[in-house]
There are 2 protein chains.
Amino acid sequence: MANIIKPSILAGFMELLPQEQIQFNKIKDTVRKTYESFGFLPLDTPALEKADVLLAKGGGETEKQVYRFEKGKSDIAMRFDLTVPLARYVAQYYSDLSFPFRRYHIAKVYRGERNQRGRFREFYQADIDIIGDGKLSIINDAEIPAVIYEIFAKLEIGDFTIRINNRKILKGFYGSLGIEDSTYVLRTIDKMEKIGLDNVKLELKDLDLSDESIDSIIKFLQISGSNQEKIQALKDLNIDNEIFQEGLDEIEKVFAYLKLFKVPEKNTEFDLTIARGLDYYTGTVYETRLDAHPEIGSICSGGRYDNLASHYTKQSLPGVGISIGLTRLFFQLQEAGIIKAEKNTLTDLLIIPFPGFESYGIELLAELRAQGVQGFINGEAGKLGKKMKYADDLNIKYTILIGQDEVDQGKYMLRNMETGDQEALTSQEIIACIKNEKMI
Amino acid sequence: MANIIKPSILAGFMELLPQEQIQFNKIKDTVRKTYESFGFLPLDTPALEKADVLLAKGGGETEKQVYRFEKGKSDIAMRFDLTVPLARYVAQYYSDLSFPFRRYHIAKVYRGERNQRGRFREFYQADIDIIGDGKLSIINDAEIPAVIYEIFAKLEIGDFTIRINNRKILKGFYGSLGIEDSTYVLRTIDKMEKIGLDNVKLELKDLDLSDESIDSIIKFLQISGSNQEKIQALKDLNIDNEIFQEGLDEIEKVFAYLKLFKVPEKNTEFDLTIARGLDYYTGTVYETRLDAHPEIGSICSGGRYDNLASHYTKQSLPGVGISIGLTRLFFQLQEAGIIKAEKNTLTDLLIIPFPGFESYGIELLAELRAQGVQGFINGEAGKLGKKMKYADDLNIKYTILIGQDEVDQGKYMLRNMETGDQEALTSQEIIACIKNEKMI
């Protein structure tokens, strides 16, 4: 006999039991279907790329996490997000694509992160991006939250808010205070929720800002009211800065279009405190929170960028996109008790023949399947009780037993496994019953 | 400006343009839906596994092809098929699973093969397996071809034949000739189609077989007729060998059940020449060929095995399964001209507003989308002709232009992009038109 090796997987990798996997796939399918319904085209790039191409941008925390190795003469890296492969793809096939190029990509990415509960080294991202050739209308910035709204509404995971800001407003505002490089200020403000207003003030002081500037910043961050009221308040600041006014114009259009896209006001919030990273995004930015679970943080983020693929092409390719971290989201929804994977099934029917009646069982199965019933037969040796438990464990909705009586009468005992109801029915009655999900 | 790196991917990796990707996904979806309709449960294991676990079986050509590397203290290997991860999974979660455990798994696997046209280093496999706990009924051996029949019938890729054999018949037959280890004989016979009967005879001579034995083998391989006639011919051989008789009994049942599963006789063939590898399979074996394209070889293969997971558990886990190599299949279908990816789209409608009418466009879009129309708006700056070409390039079925007249009249010009027909319609008429796929 061979040596037995204990079966196990690497730490930091999610693996689900079938019931959970059905649930996960439902979420993934909803995301995919919604993306497709908005005209996003599917993409499926390799998980392995040339290291020098994938890491063209270089540097940063991410690069340390990349799974990179050699095979033969190839220096290979595993993708760590879906944005870099998109940039590479759009540059590579530029002349074959139609712009604005709208693509979705739902796939696993890989990061050799420090092992930590709720962090995964392999995880699904579900991205959409719209890439313009040279320029891209602001309408697209409003469409992205419309897509996201539809997805989270369908997923029924509770109330949520898509928080929207525009980096030009931030850049222009800080510019108007004489702060040319707002990187550190933004980084400090990003911590607002974690460390609170007073600590933000202290940290801003450390950045050598005048009391007057700090006051202005705090007032700016505390602008409140409806989205429209916030926009009006910003207008009332009368800031003479081109970038600021451009951002303000953009955010006004985004909220106006969002209304036309029929995204409810209560599901969006103009939030001046969010900035999303510090060098990639250049205009609209998004975060999405579950109202009842702020502790989860953003479940879906993205924004507008000026140039997707500057490492791969001289073409100017502005874009806007958003990403859902599906694996982490699923983990968090389970942890928070928002989704339960208990009663999932894809199967309508299990046929259980008595010994010697297997052929009749298969015949009936083929007849029912031909009319759209999803099911199979358990013709194993073994006791009836064990097979009923099997159907129960798999949450199969109906069972049919077949023996001499059933064959003689041409009627089969259909049992609703949830209610325990059962009734002797012809095959046609069974089909009607299963399709209508009720006993006759 | 950043250095420009030429965008490209590693050799041996398939990457598709969106039109092709839509086509590929249709095939993948058909496979998935059919698997699910037969009650197979989804599984999604990590692409990266512990090297010592994944390679527990060790040795062989495959191991050289494995992408294996270290990260931190982990010795990591990429999965090279979906069977070893299944074995590991079933052993690991044995007590959480219900047997027979029916799972499907459609995912990419990785093999650092020699670079060669039509061979891929990353490719999709689409597997089903049914795993028994200790034993497993022969009904399952008949269900597998029933699933495969349904898939290839739906895919409409031409006539195909599922060729079925049983290794016990081979083992028993060769055993009756006094050949205890039939490995070399089977390997020789496997080459029949490539090298022809005469060369097979010569090679068998080299194996030191008597002329009488070789004659028997040739006669055995040349048994012809319908599946039933072949079974009868084998019975008439009256071979006194237990394994032979067991195999004969199994194949007879498989073909009897296949008829009940409503798999047409013309799509199956009892083929004594196929053996499928030389140590893994122990009973029923399958290959599938496109009748008009024998040069493609088997597009779907598998069989029955005695013990799935002997490296991970002492539990006896017999199973039967089959695998479709989707990436290679797609490549071959394209090469053979059987599928064309030209006219694929997922989008019903593109709305094109004239400048200044973007808001009306979005409003109409939202109204149509709410009633199930799939589409989006092109509100970019630029000429109308360019936008019509955009819709055409993406194979979008309908376009709507919106300007002052349309807004005034509440009627929009719907254009069928394929026929060029167009008509001024209300939004409700547009919905009816798109849903029925015809102009009013």
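Presented here is a report on the structure given in the accompanying data block.

How each quantity is defined
- Residues numbered from 1 in each chain as written.
- Chains lettered and ligands numbered in written order.
- Predicted model: local features only at pLDDT ≥ 70, side-chain atom pairs only at ≥ 80, totals over all residues.
- Heavy atoms only, no water.
- Helix = DSSP H or I, 4+ residues; strand = E, 2+ residues; numbered from the N terminus.
- Rg over C-alpha atoms; globule rule 2.2 N^0.38 Å.
- Buried < 20%, exposed > 50% of the residue type's maximum accessible area, 1.4 Å probe, protein only.
- Contact = heavy atoms within 4.5 Å.
- Salt bridge = Lys/Arg side-chain N within 4 Å of Asp/Glu carboxyl O.
- Nonpolar A, V, L, I, M, F, W, Y, C, P; charged D, E, K, R; others polar.
- Pairing = 2+ DSSP bridges.
- Axes fitted to C-alpha atoms, helices over the stretch in contact; angles between N-to-C directions.
- Phe/Tyr/Trp six-rings, centres within 6.5 Å; stacked < 30°, edge-to-face > 60°.
- Lys NZ or Arg CZ within 6 Å of the ring centre and 35° of its normal.
- Least-squares fit on C-alpha atoms with pLDDT ≥ 70 in both.

## Section: the overall build of chain A
At step 1: The helix and strand tally for chain A stands at 16 helices and 16 strands.
At step 2: Whereas a compact globule of 440 residues would reach a radius of gyration of roughly 22 Å, chain A reaches 28 Å, over 25% beyond that.
At step 3: The principal-axis extents of the C-alpha atoms in chain A amount to approximately 90 × 55 × 45 Å.
At step 4: Put simply, chain A has 440 residues, and 58% of those count as buried.

## What about the interface of chain A and chain B?
At step 1: Residue-level contacts link 102 residues of chain A with 102 residues of chain B.
At step 2: Counting across the interface, chain A meets chain B through eight salt bridges.
At step 3: Among the ionic pairs, Glu150 of chain B bridges to Arg369 of chain A, the shortest N-O distance being 3.2 Å.
At step 4: Of the residues forming the side of chain A that touches chain B, the biggest block, nine residues, is contributed by helix α1 (residues 18-37) of chain A.
At step 5: Among the residues forming the side of chain A that touches chain B, the class breakdown is 52 nonpolar, 23 polar and 27 charged.

## A closer look at helix α4 (residues 83-92) of chain B
Because the α-helix completes a turn every 3.6 residues, residues three or four places apart line up on one side.
At step 1: In terms of burial, α4 of chain B is a largely internal element, nine of the ten residues being buried.
At step 2: Inspection of α4 of chain B places Thr83, Val84, Pro85, Leu86, Ala87, Arg88, Tyr89, Val90 and Ala91 of chain B among the buried residues, and these make up the whole buried set.
At step 3: On its buried side, α4 of chain B packs onto α1 of chain A together with β2 (48-50), α2 (51-54), β5 (101-110) and β6 (122-131) of chain B.

## Brief notes about the sheet that holds strand β12 (residues 349-353) of chain B
Residue and element names in this part refer to chain B.
At step 1: Strand order in the open sheet made by the five strands is β13-β12-β14-β15-β16, with mixed pairing throughout. In this open sheet, the two strands that pair with only one neighbour each are β13 (375-377) and β16 (422-425). Ignoring strand direction, the axes of neighbouring strands in this sheet form an average angle of 20 degrees.
At step 2: In this sheet, β16 lies alongside strand β15 (residues 412-416) in antiparallel orientation, the contact comprising four bridges. Opposite Arg415, over in β16, you have Gln422 as the bridge partner.
At step 3: The strands touched by helix α13 (residues 358-370) are β12, β13, β14 (398-402) and β15; relative to β13, the strand with the most contacts, the crossing angle is about 170 degrees.

## Some words on the sheet that holds strand β16 (residues 422-425) of chain A
Residue and element names in this part refer to chain A.
At step 1: Pairing within the open sheet is mixed, and its five strands lie in the order β13-β12-β14-β15-β16. Of all the strands in the sheet, just β13 (375-377) and β16 have a single pairing partner and so form its edges. With strand direction ignored, the average angle separating the axes of adjacent strands in the sheet is 20 degrees.
At step 2: Relative to strand β15 (residues 412-416), strand β14 (residues 398-402) is paired through four bridges, and the arrangement is antiparallel. Bridged to Leu401 within β15 is Met413.

## As for the pairing of β6 of chain B
All names here are of chain B.
At step 1: Taken across its ten residues, β6 has ten buried, putting it largely inside the fold.
At step 2: The alternating pattern of β6 places Glu122, Tyr124, Ala126, Ile128 and Ile130 and Phe123, Gln125, Asp127, Asp129 and Ile131 on opposite faces, both of which are buried.
At step 3: The pairing of β5 with β6 spans ten bridges and is antiparallel. Residue pairing across strands places His105 opposite Asp127, the latter belonging to β6.
At step 4: Two elements, β6 and strand β11 (residues 319-325), share seven bridges in a ladder whose sense is antiparallel. If you follow Gln125 over to β11, its bridge partner there is Gly325.

## Description of the environment of Leu204 of chain A
Residue and element names in this part refer to chain A.
At step 1: When you line up the elements, Leu204 lands in helix α8 (residues 192-206).
At step 2: Since its relative accessible area comes to 0%, Leu204 is described here as buried.
At step 3: The sequence separation of Leu204 and Tyr281 amounts to 77 residues, and the corresponding C-alpha distance is 23 Å.
At step 4: Discounting residues that sit within four places of it in the chain, Leu204 has contacts with Val185, Thr188, Leu209, Ile214 and Ile217.

## Topic: helix α12 (residues 326-335) of chain B
Residue and element names in this part refer to chain B.
At step 1: Burial of α12 is extensive: seven of the ten residues sit out of reach of the surface.
At step 2: Those residues of α12 that sit buried are Leu326, Thr327, Leu329, Phe330, Phe331, Gln332 and Leu333.
At step 3: Phi for Gly337, located one or two positions after α12, is positive at around 75 degrees.

## A few points about the pattern of salt bridges
At step 1: A complete count under the given rule lists 52 salt bridges over all chains for this structure.
At step 2: Across the pair Lys235 of chain A and Glu252 of chain A runs a salt bridge, and its minimum N-O distance is 2.8 Å. In this pair, Lys235 of chain A sits in helix α10 (residues 227-236) while Glu252 of chain A sits in helix α11 (residues 242-260), placing the two residues 17 residues apart along the sequence.
At step 3: Look at Lys235 of chain A and you get partly exposed, because its relative accessible area is 32%.
At step 4: Here Glu287 of chain B ties to Arg289 of chain B by a salt bridge, and the two come within 3.2 Å at their closest N and O atoms.
At step 5: Since its relative accessible area comes to 14%, Arg289 of chain B is described here as buried.

## Concerning the packing of aromatic side chains
At step 1: What the rule picks out here adds up to 39 aromatic pairs over all chains.
At step 2: Seen from their ring centres, Tyr89 of chain B and Tyr93 of chain B are 4.6 Å apart, and the 50 degrees between their planes marks the pair as tilted.
At step 3: The class for Tyr93 of chain B is buried, based on a relative accessible area of 14%.
At step 4: Three or more aromatic residues link up through ring pairs in this structure, and these residues are Tyr67 and Phe69 of chain A together with Tyr67 and Phe69 of chain B.
At step 5: Over the ring of Phe40 of chain B we find Arg102 of chain B; its NZ or CZ atom is 4.6 Å from the centre of that ring.
At step 6: One Lys or Arg, Arg369 of chain B, reaches over the ring of Phe38 of chain A and ends 3.3 Å from the middle of that ring.

## Re the relation of the copies chain A and chain B
Two chain copies, one operation linking them: a rotation about an axis together with a shift along it.
At step 1: When chain A is fitted to chain B, the residual RMSD is 0.0 Å, and the transformation amounts to a turn of 180 degrees plus an axial shift of 0.0 Å. Within this description, the copies of the chain are treated as partners about a two-fold rotation axis. If distances are taken from each C-alpha of chain A to the rotation axis, the shortest is found for Phe69 of chain A, at 3.1 Å.
At step 2: Looking at the interface residues of chain A, 100% of them are also at the interface in chain B, so both copies use one shared face.

No statement about biological role is implied by the geometric values presented.
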